[in-house]
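What follows is each chain in one-letter form.
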Amino acid sequence: MVNGASLVMPYLEPFLIRTMREALPQVSDAAVAESGRAFNTQEQHHYQAHRRYNELLKRSRYPELANIEADMTASYARLAKRSLRTRMAYTAGFEAMTLGVTRWLVDYRQTLFGGADSRVASFILWHFVEEAEHKCVAHDVYHALYGGGPASYLARMVGVLHGSLDVMWYSMRGYRAILKHEGLWFRLSSRLRLARRLGSFVRHVSPYLLRAMLPGHDPRQEPNPQWVDDWLAGHAAAPDAEVPLLDTRHPDLPVPFAHAPSGPVTRIAA
Ligand SMILES: [Fe+2]
Ligand SMILES: [Fe+2]
């Protein structure tokens, strides 16, 4: 599932950046505009890292993923022709989903990443910590451009479904291709395990989507998991040259910073 989602990022996130870049000249609030530029920098780092990771996946084992990439290229080219409001609503809608995904990944980190390759687990959790960090930005920019009237609300509500379901669909195609390659897609035990994971994902993420679709929704009302705030505090206090690596053999998968409120550490010098 994580590899499938990773496949989408180098198509989705450049789209988010282009949309944000187009919207920002219309934002008069300097603080919101500045947070939009910071958002773009974070998303740029995300998709560049995902692209390198995906290239590794394709080169070493799953060349067939390139077919899905070709479909995503065409899909995002079609989406680029839609109005800025539709694209900004998609952007804010996808960002609303990431908060639920962050909660799911963090609360179930032991089950999902326990014993896993530390580099991959750290990479994915790093990304979603930053998603929580910039959770308000797309929403604020959308509001700066379109306000909170009924038409704006309706478009934003549709954007929650549009952005989330689109990304979930391409992620699913990605992990389906991977499971097929491994001969697991038609194996009952594997499908049951996947169904359990998906059930857990849907149970955790849908309330975030439903709340995001309500009038007057504000992502500020969604509290970060404590683990995320500990990571952000740990990162702020850590020297720049150190790479945070999770100890995936630790029963708690503590945040990977010595100075964080909760944590013994695995760290390496960059
Ligand atoms: Fe991102
Ligand atoms: Fe994001």
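Residues numbered from 1 in each chain as written. Chains lettered and ligands numbered in written order. Predicted model: local features only at pLDDT ≥ 70, side-chain atom pairs only at ≥ 80, totals over all residues.

Our focus in this paragraph is helix H8 (residues 150-181). Since the α-helix packs 3.6 residues into each turn, any two residues three or four apart lie on the same face. Over its 32 residues, H8 runs 47 Å from end to end, which matches the ideal 46 Å to within 8%, given 1.5 Å per residue. Listed as buried for H8 are Ala-155, Arg-156, Gly-159, Val-160, Gly-163, Ser-164, Val-167, Met-168, Tyr-170, Ser-171, Gly-174 and Ile-178. Packed against the buried residues of H8 are helix H1 (2-23), helix H3 (65-79), helix H4 (84-107), helix H7 (137-146) and helix H9 (188-212). At the exit of H8 stands Gly-183, carrying a positive phi of roughly 70°. (Helix = DSSP H or I, 4+ residues; strand = E, 2+ residues; numbered from the N terminus. Expected span 1.5 Å × (residues − 1). Buried ≥ 20, exposed ≤ 12 C-beta atoms within 10 Å, placed from the backbone. Contact = placed C-beta atoms within 7 Å.)

According to the domain assignment, the protein consists of domain 1 (2-223) and domain 2 (225-270). The distance between the C-alpha centroids of domain 1 and domain 2 comes to 24 Å. Each partner contributes to the interface: domain 1 provides 19 residues, whereas domain 2 provides 14 residues. Of all the secondary-structure elements, those providing two or more residues to the side of domain 1 that touches domain 2 are H4, helix H5 (109-113) and helix H6 (118-133). Take the side of domain 1 that touches domain 2: its biggest share by element is 9 residues, from H6. The residue makeup of the side of domain 1 that touches domain 2, split by class, is 8 nonpolar, 6 polar and 5 charged. (Domains from an automatic or database assignment. Nonpolar A, V, L, I, M, F, W, Y, C, P; charged D, E, K, R; others polar.)

A word on the packing of H1 against H4. Put simply, H1 and H4 touch, their axes get as near as 10 Å, and they point 125° apart. Considering their axes alone, H1 and H4 lie oblique with respect to each other. Two packed elements cross with a definite hand, and for H1 against H4 that hand is left-handed. Where H1 approaches H4, its residues Leu-12, Leu-16, Thr-19, Met-20, Glu-22 and Ala-23 are matched on the opposing element by Leu-84, Arg-87, Met-88, Thr-91 and Phe-94. Residue composition of the contact of H1 with H4, by class: 7 nonpolar, 2 polar and 2 charged. (Axes fitted to C-alpha atoms, helices over the stretch in contact; angles between N-to-C directions. Parallel < 35°, antiparallel > 145°, perpendicular 65-115°, else oblique. Left-handed = near helix turned anticlockwise from the far one by under 90°.)

We now examine the packing of H4 against H6. Between H4 and H6, the shortest axis-to-axis distance is 9 Å and the interhelical angle comes to 135°. Here H4 lies oblique to H6, going by the angle between them. Where H4 crosses over H6, the two elements pack in a sense that is left-handed. Two secondary-structure elements touch here, H4 through Thr-98, Leu-99, Val-101, Thr-102 and Leu-105 and H6 through Ile-124, Leu-125, Phe-128, Glu-131 and Ala-132. Within the contact of H4 with H6, the residues separate by chemical class into 7 nonpolar, 2 polar and 1 charged.

What follows is about the confidence of the model for the protein. The share of residues in the protein with pLDDT of 70 or more is 96%, and the mean pLDDT across the chain is 95. Note on residues 265-270: pLDDT is under 50 here. Beyond four places in sequence and across chains, it has 20 contacts. (pLDDT = per-residue confidence, 0-100.)

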